[in-house]
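This is what each chain is made of:
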Amino acid sequence: MPGIDECLLEAMALPGARGASLVDWTSGLALGTAGDSPVGDHETTAAETAELARSAAEFDSFTAEGGNEGPPVEDLIVTTRAGYHVLRFVETSFDSSVFLHLWLDRDSGNLALARLRLRDLAERLVLG
C-alpha cells in the first residue's frame, strides 16, 4: 500500500501526466506534490482545486443521490484547451476530506486510463 509520495510518483507515471498532488479540500493545503503546477505554484493550485472540490462535495445536487458512505463525490473532471484536471476523492478512516489531483496534457494524456488508475491509487493510498 503506497504512501503519499509513492502514490504521486505512480500518478506521474501515467501517459501525459504533468503534475499531481494530494489536497485537503477543507483547508486547501497540498499534503504532497509531484511534477509541475498549471500556475507555477502547487499551493495556489491546491487552494483553487480545493474550492472546486468543496463546492461539489457540499452541494446537494451532487451528493443527494449518493448516501452517506465514503466521500460524497467520486471524481471531478475539468477540461481545458490544453489539458485535463482529474480530482479523485479519497476515502479515509477519518473525515474523507482529501483528493488526488492529476493534471494531464490534453494531447498525450489518456483520460479514461487516468480515471481508472486514480481510483486504484485512491483505494490503496495509506494515510496516517
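In case you missed it, the structure is sitting above this.
What counts and how
Along each chain, the written sequence defines residue order, and numbers are assigned to residues from 1. It should be noted that, the model being predicted, local features are given only for residues of pLDDT at least 70 and side-chain atom pairs only at 80 or more, the latter also being counted only at that level, while totals for whole chains, interfaces and linings use all residues. Working from all heavy atoms in the structure, the side-chain values ignore hydrogens and water. One requirement defines pairing of two strands: DSSP has to find at least two bridges between them. By definition, any uninterrupted DSSP run of H or I lasting at least four residues is a helix, any uninterrupted run of E lasting at least two residues is a strand, and each is numbered from the N terminus. A fitted line through C-alpha atoms serves as each axis, taken over the contacting stretch for helices, and the angle formed by two N-to-C directions is quoted from 0 to 180°. Any two residues having at least one pair of non-hydrogen atoms within 4.5 Å are treated as being in contact. With a 1.4 Å probe rolled over the protein chains alone, any residue whose accessible area is under 20% of its type maximum counts as buried; one over 50% counts as exposed, and the rest are partly exposed.

**Description of the sheet that holds strand β5 (residues 98–105)**
Line of reasoning, step 1. Spatial ordering of the open sheet is given by β2-β1-β5-β4-β3, a layout of five strands whose pairing is antiparallel. Each end of this open sheet is capped by a strand with a single partner; those strands are β2 (29–35) and β3 (75–79). When the angles between neighbouring strand axes are averaged without regard to direction, this sheet yields 15 degrees.
Line of reasoning, step 2. In the sheet, strand β4 (residues 83–90) pairs with β5 via eight bridges, with the strands oriented antiparallel. Bridging from a neighbouring strand, Leu-87 pairs with His-101 of β5.
Line of reasoning, step 3. In this fold helix α2 (residues 42–58) packs onto β1 (17–24), β2, β3, β4 and β5, with an angle of close to 120 degrees to the strand it touches most, β2.
Line of reasoning, step 4. Sitting on the sheet, helix α4 (residues 111–124) is in contact with β3, β4 and β5, with an inclination near 25 degrees to β4.

**As for the pairing of β4**
Line of reasoning, step 1. Along β4, eight of the eight residues are buried, which leaves the element largely enclosed by surrounding structure.
Line of reasoning, step 2. Here β4 shows a buried face lined by Gly-83, His-85, Leu-87 and Phe-89 and a second buried face lined by Tyr-84, Val-86, Arg-88 and Val-90.
Line of reasoning, step 3. Relative to β4, β3 runs antiparallel, the two being bridged by five bridges. In the strand pairing of β4, Thr-79 is matched with Tyr-84.
Line of reasoning, step 4. Between β3 and β4, which follow one another and run antiparallel, lie three residues.

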